[in-house]
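Chain by chain, the residues run as shown.
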Amino acid sequence: KRIACKKFSFPMDKLVIAIGYSGRPQQQHIRVIKQIAKYDNEVKNKIFLYCHMAYDTNTENYMKRVKRELKKTGCQYTVNEEYLNASQIAIMKMGVDILVHAGKYDALSESMLEYLYAGKKVFNPEWIEYGIFETKGIRDIKYADFEDLGNKLLLAIKDPYWPTEIKVNNRTKVGEISGWDDLLPQWLELYQ
C-alpha cells in the first residue's frame, strides 16, 4: 500500500475509492460521483477518489465533465490518464481500497476481477449478472441503482475491508475462473 501511495500520490491517511476502470462513458463515472457528492464533509474528508481513464477514452469532453464533477464533490481526487504496464496496474490495485464498478454492460472484465483478487471490496450493479460469482462463492457488493449504491458505499466507507477469510476465498475463486492452470484443460477440451 505504501508503495502504491507513493507512486500514485494516494494519501496514506484516506480511503482510496476507484471509480470505474476505463475512460468509457458507459462506466457512468458521473452518476457515481454525484452520489458521493451527497455525503457530508466528515465522510468526504476521509476518502480519496481515483479514476483511471487512460483506456478507451472516447472524447475529451467526457473527461472534462468527469473532472468538473469530481471537483464539485469537495473530495480529494485524481484522474490518471497514463497507460500502465502490468506491474504498475498491480501496484495501483494494491493501493486502492474499494472499486465502484457502474458499467452499463460488462463481460467479466479482468480489471474488476483483479480488484477482487487483490482482496478489495468491489461494488457491481445488479443489472450486470455475474452468475459465476454465485456458483463459485465470490463475494462482491451488489447494488440495485445509484441511490442504493450511495447508501451501500457509505456503509463500506465505515467498514472498508473484508475479513481475511473473504479475501482468501475471493482470491482462490477468482484464480479458479481466470487462472491459466485451471483454464488450460478447458481450452484443450474445446480444441479437441
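The model shown is predicted, which means the values in this text are computed figures rather than measured ones.

Asker: Would you explain the sheet that holds strand 6 (residues 141-143) in this entry?
Answerer: Picture the strands of a sheet paired through backbone hydrogen bonds; they go either parallel or antiparallel. Spatially, six strands are ordered 3-2-1-4-5-6 in an open sheet, and the strand pairing comes out parallel. With one partner strand each, in any of the chains shown, strand 3 (76-80) and strand 6 form the two edges of the open sheet. Neighbour to neighbour, the strand axes of the sheet diverge by 20 degrees on average, direction disregarded. Relative to strand 4 (residues 98-100), strand 1 (residues 15-19) is paired through three bridges, and the arrangement is parallel. Bridge pairing in strand 4 links Ala18 to Leu99. Helix 2 (residues 29-36) contacts strand 1, strand 2 (47-52) and strand 4 of the sheet and is inclined by roughly 145 degrees relative to strand 1. The strands touched by helix 8 (residues 146-158) within the sheet are strand 1, strand 2, strand 4, strand 5 (121-125) and strand 6, with strand 6 carrying the most contacts at an inclination of about 155 degrees.

Asker: Just to check I follow, could you spell out the pattern of salt bridges for this structure?
Answerer: Side chains that differ in sign of charge can pair as their charged atoms come close. A full pass over the atoms with the stated rule returns nine salt bridges. One salt-bridge network, held together by shared partners, links Lys136, Lys173 and Glu176.

Asker: Teacher, can you tell me more about the nonpolar core here?
Answerer: Side chains of a nonpolar character, in soluble globular proteins, are inclined to be buried together. By size, the foremost hydrophobic cluster in this structure holds 32 residues, and its most contacted members are Ile36, Phe123 and Leu153. Elements with a contribution of two residues or more to this core: strand 1, helix 2, strand 2, helix 4 (60-73), strand 4, strand 6 and helix 8. The element that contributes the greatest number of residues to this core is helix 8, accounting for five residues. Discounting chain neighbours no more than four positions away, the residues touching Leu153 are Ile17, Ile36, Tyr39, Ile98, Val100 and Phe123. Grouped together as the second largest cluster of nonpolar side chains are 23 residues, Cys5, Ile89, Val96 and Met112 included.

Asker: Sorry, what's going on with the packing of aromatic side chains here?
Answerer: For any pair of aromatic rings, the description consists of the separation of the ring centres together with the inter-plane angle of the planes. Under the definition given, this model contains seven aromatic pairs. The interplanar angle of 25 degrees and the centroid separation of 5.8 Å between the aromatic rings of Phe8 and Phe10 together place this pair among those described as stacked. You'll find Phe8 and Phe10 in the same group, each marked buried. Taken together, the aromatic side chains of Phe8, Phe10, Phe48 and Tyr50 make up a single cluster linked through ring pairs.

Asker: What am I meant to see in the packing of helix 2 against helix 4 here?
Answerer: To characterise two packed helices, one gives the angle between the axes of the helices and the distance between these axes. Where helix 2 contacts helix 4, the two axes come as close as 9 Å, and the packing angle between them is 5 degrees. In terms of orientation, helix 2 and helix 4 fall into the roughly parallel class. Seen from helix 2, the contacting residues are His29, Ile30, Ile33 and Lys34; seen from helix 4, they are Tyr62, Arg65, Val66, Glu69, Leu70 and Thr73. Split by residue class, the contact of helix 2 with helix 4 holds five nonpolar, two polar and three charged.

What counts, and where the lines are drawn
- All residue numbers here refer to positions counted from 1 along the written sequence of the relevant chain.
- Selection of residues for local features in this predicted model requires a pLDDT of at least 70, selection of side-chain atom pairs for listing and counting requires 80 or more, and totals for whole chains, interfaces and linings are taken over all residues.
- Computation of side-chain values: all heavy atoms of the structure, hydrogens and water removed.
- Note on pairing: DSSP must find at least two bridges between two strands before they are called paired.
- Put simply, DSSP marks the helices as runs of H or I at least four residues long and the strands as runs of E at least two long, and each gets a number from the N terminus on.
- Fitted lines through C-alpha atoms serve as axes, helices being fitted only where they are in contact, and the angles separating the N-to-C directions of these axes extend from 0 to 180 degrees.
- Residues are treated as being in contact if the distance between any of their heavy atoms lies within 4.5 Å.
- Definition used for salt bridges: Asp or Glu carboxyl oxygen within 4 Å of a side-chain nitrogen of Lys or Arg.
- As used here, the term nonpolar core means buried Ala, Val, Leu, Ile, Met, Phe, Trp, Tyr and Cys residues forming a set that is joined through side-chain atoms within 4.5 Å.
- For every residue, the accessible area (1.4 Å probe, protein chains only) is compared with the maximum for its type, and the residue is labelled buried under 20%, exposed over 50%, or partly exposed between those bounds.
- Stacked, tilted and edge-to-face are the three classes assigned to paired rings of Phe, Tyr and Trp, where Trp is represented by its six-membered ring and a pair needs centres within 6.5 Å; plane angles under 30 degrees give stacked, over 60 edge-to-face, the rest tilted.
- Any angle from 65 to 115 degrees is called roughly perpendicular, while one under 35 is roughly parallel, one over 145 is roughly antiparallel, and all others are oblique.
- Put simply, Ala, Val, Leu, Ile, Met, Phe, Trp, Tyr, Cys and Pro go in the nonpolar bin, Asp, Glu, Lys and Arg in the charged bin, and everything else, Gly too, in the polar bin.

By themselves these figures say nothing about function.
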